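Inside the fold
The primary structure of each chain is shown beneath.
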Amino acid sequence: MARQRRQAFGEGFALLAECLLTGAWLVLAALPVVTLPAALAAAARHIAAYVDGDPTGWRGYWADFRAAWRGSWRTGLAVIGAGLLLALNLAVLAQEGVPGRPGFALATVIVAGLAATVLLRAAAAWTPGERWRALFAGALEETRTDASGTGILLGGIAVLAACAWALWLLVVPMSGCLIGAAVAVRRRRAVRDEEARPSA
């Protein structure tokens, strides 16, 4: 029993270390911002492959990143547009005298969090050749129907935002942990769907 606990701890610690390393790759690949969807998709594929015991590494990550980028640059532009709109909205709400400012600010933060959740779910579901429009349609449905998974991802996004506010360097390790959470939420949903299917 003690040996099993030590083995489980070692495997969990190794997965954490892999998430931290993947966070560094993710942030580096996402620096142009327009590449963020591709960076997230490649990171999710890397973490999923690691959990499955498949050999993967730096070269595998960048191969997936290049494959994801070919179909995601329009999505990346949409992410930039949404980010600029969010920044403009928050800048307006920061001004004194705006009617209903607290309520609008809260609504803006919630919408931004849900949009980020959809993006994370879509990235976690990406495979080479998958169309991003279909991925986002599936991610929207999962966000709507999987309340507990959505709550987990929203909590992860909140932690990432708090860490970035406290010390921006924490974005690197926390990004890897967040994409790891997205992979875990997807697999958790898949297990629940499998258990819910009637046996033949």
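One can find the structure itself at the top, above this paragraph.
Here the structure is a predicted model, which means the values were calculated and not measured.

**As for the overall build of the protein**
A tally of helices and strands in the protein yields seven helices and zero strands. Helices and strands appear in the protein in the N-to-C order α-α-α-α-α-α-α. Over its C-alpha atoms the protein spans a radius of gyration of 18 Å, differing by no more than 12% from the 16 Å that the globule rule assigns to 200 residues. Across its three principal axes, the protein shows a C-alpha extent of roughly 60 × 40 × 40 Å. By the burial criterion, 33% of the 200 residues in the protein qualify as buried. Excluding contacts between residues fewer than 6 apart, the proportion of contacts in the protein whose partners are at least 24 apart in sequence is 70%. Carbon together with sulfur atoms contributes 67% to the accessible area of the protein, which is approximately 12,000 Å² in total. Across the protein, 19 positive and 13 negative side-chain charges occur, with their mean positions spaced 3 Å apart.

**A few points about the packing of aromatic side chains**
Geometry of an aromatic ring pair is reported as the spacing of the ring centres plus the angle between the planes. Within this structure, the stated rule accounts for six aromatic pairs. Measuring from centroid to centroid gives 5.6 Å for W25 and Y61, while their planes differ by 50°, and the two rings are tilted. Taken as a pair, W25 in helix α1 (residues 2–29) and Y61 in helix α3 (residues 58–93) lie far apart in primary sequence, 36 residues in all. Here W25 matches Y61 in class, with each residue buried. Relative to F65, the ring of W62 has its centre 5.2 Å away and its plane inclined at 80°; by these criteria the two rings are edge-to-face. Residue W62 and its partner F65 are both found in helix α3; the two are separated by three residues, about one turn of the helix. Judged by its relative accessible area of 16%, W62 falls in the buried class. Connected via pairs of aromatic rings, a cluster forms that spans W25, W58, Y61, W62 and F65.

**Digging into empty space enclosed by the protein**
Within the structure shown, the criterion is met by one cavity of 30 Å³ or more. Looking at the largest cavity, its volume works out to about 30 Å³. Lining the largest cavity are R121, A124, E142, A182, V185 and R186. Looking at the lining of the largest cavity, the elements with two or more residues in it are α4 (101–125) and α7 (171–196). Of all the elements, α7 adds the most residues to the lining of the largest cavity, at three residues. Here the residues of the lining of the largest cavity are counted per class, giving three nonpolar, no polar and three charged.

**Looking at the environment of G71**
Within the secondary structure layout, G71 lies in helix α3. Expressed as a C-alpha distance, the spacing of G71 and E130, which sit 59 residues apart in the sequence, is 8.4 Å.

**Describing helix α2 (residues 36–51)**
For α2, built from 16 residues, the straight-helix expectation of 22 Å at 1.5 Å per residue is met to within 8% by its first-to-last C-alpha distance of 23 Å. Most of α2 sits out of view: twelve of its 16 residues are buried. Considered for burial, the residues of α2 that qualify are P37, A38, A39, L40, A41, A42, A43, A44, H46, I47, A48 and A49. Following α2 by one or two positions, G53 adopts a phi angle in the positive range, close to 85°.

**Examining the packing of α2 against α7**
Closest axis-to-axis distance for the α2/α7 pair is 9 Å, and the angle between their directions is 65°. As α2 runs across α7, the sense of the crossing is right-handed. Mapping the contact onto sequence places L40, A43, A44, I47, A48 and V51 in α2 and I179, G180, V183 and R187 in α7. The residue inventory of the contact of α2 with α7, partitioned by class, reads eight nonpolar, one polar and one charged.

Rules and cut-offs
Residues numbered from 1 in each chain as written. Predicted model: local features only at pLDDT ≥ 70, side-chain atom pairs only at ≥ 80, totals over all residues. Heavy atoms only, no water. Helix = DSSP H or I, 4+ residues; strand = E, 2+ residues; numbered from the N terminus. Rg over C-alpha atoms; globule rule 2.2 N^0.38 Å. Buried < 20%, exposed > 50% of the residue type's maximum accessible area, 1.4 Å probe, protein only. Contact = heavy atoms within 4.5 Å. Areas by Shrake-Rupley, 256 points an atom, 1.4 Å probe, with all protein chains shown as cover. Lys, Arg positive; Asp, Glu negative; His and termini not counted. Charge placed at Lys NZ, Arg CZ, Asp CG, Glu CD. Phe/Tyr/Trp six-rings, centres within 6.5 Å; stacked < 30°, edge-to-face > 60°. 1 Å grid on protein atoms, 1.4 Å probe; cavity = no way out; pocket = protein on both sides within 12 Å on 5 of 7 lines; lining within 4 Å. Points joined across faces, edges and corners; volume = space filled by probe spheres on them. Nonpolar A, V, L, I, M, F, W, Y, C, P; charged D, E, K, R; others polar. Expected span 1.5 Å × (residues − 1). Axes fitted to C-alpha atoms, helices over the stretch in contact; angles between N-to-C directions. Left-handed = near helix turned anticlockwise from the far one by under 90°.

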